[in-house]
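For reference, the chains in residue letters:
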Amino acid sequence: MVIKVFLASSSGSTAIKKKQQDVVAFLEALKVDYTPLDIACNEENRMWMRKNVPEDKKPSTGIPLPPQIFNEESYCGDYDTFFDAKEDNTVYAFLGLPPPPGSKEAEQADRTRIVENGTQEDNEAERNLGDATEVPVKERNGDAHEEEERAADGEGDAGDEAAAGDEEEEEEEEADEAHVEDEEEQEEEDLHSEDEEEAEVQEEEEEAE
């Protein structure tokens, strides 16, 4: 990746010259490789710069002024955004470059990752805690087991009632049989009594003759 800094070597503006010097000096202090491109002496550079600065980043006049900074074809920003990144220790992020180990920006990125990872770990711990507090399968099946036991008890009660009903029916049948036997015995006794009466009547008739 090549950092491109569009400059105007023959600019008559003291402010523009100072801004260009600040950008270049800071990049050199960070030992960031860059390529200076002069728009004052090279029309092609000037046209490319104006074409590739996003419309929403252009000033009200519509003509972007140097310095303008690019990473290859990607627009990074102008002096103001570069200065803000410098103040926030985010120049490498501004340039689209990874910060070197040991730099303030790298340390800041590490702290940010630690915070993000810590939050992620907290979220994972909360999810794990939620999983741990779920009702175990054994307990969840406890209600079903109790219902099965209650159903089994109900079937047992129904069986007992059925057995009791069978016993009552058997007792009633036995009582009916006993009643029938009593009636048969009574009939036999009645017949026997009638036979005796007929015999007595016959004897009386024979005596009368």
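Residues numbered from 1 in each chain as written. Predicted model: local features only at pLDDT ≥ 70, side-chain atom pairs only at ≥ 80, totals over all residues. Heavy atoms only, no water.

Undergrad: Help me get a handle on the pairing of strand 1 (residues 3-7), residues and values and all.
TA: With respect to burial, strand 1 is a largely interior element, five of its five residues being buried. Summarising the sheet, strand 1 and strand 2 (residues 34-38) pair through five bridges and their orientation is parallel. Bridge pairing links F6 to L37 in strand 2. Since strand 1 and strand 2 lie parallel, the crossover through helix 1 (residues 14-29) that links them has a hand, and here it is right-handed. Strand direction decides the pairing type here: strand 1 and strand 3 (residues 68-71), joined by four bridges, are antiparallel. (Buried < 20%, exposed > 50% of the residue type's maximum accessible area, 1.4 Å probe, protein only. Helix = DSSP H or I, 4+ residues; strand = E, 2+ residues; numbered from the N terminus. Pairing = 2+ DSSP bridges. Right-handed = clockwise from strand over helix to strand, strands pointing away.)

Undergrad: I'd like to hear about the pattern of salt bridges, residue by residue, with values.
TA: This structure, assessed with the given rule, holds four salt bridges. Between E73 and K4 there is a salt bridge, and its shortest N-O distance comes to 3.7 Å. Of this pair, E73 sits in the loop between strand 3 and strand 4 (74-78) while K4 sits in strand 1; the two residues are 69 residues apart in sequence, bridging distant segments of the chain. Between D22 and K18 there is a salt bridge; the shortest N-O distance is 3.3 Å. Of the two residues, D22 and K18 are both situated in helix 1; the distance of four residues between them amounts to about one turn of the helix. Here D22 falls in the partly exposed class, since its relative accessible area comes to 25%. (Salt bridge = Lys/Arg side-chain N within 4 Å of Asp/Glu carboxyl O.)

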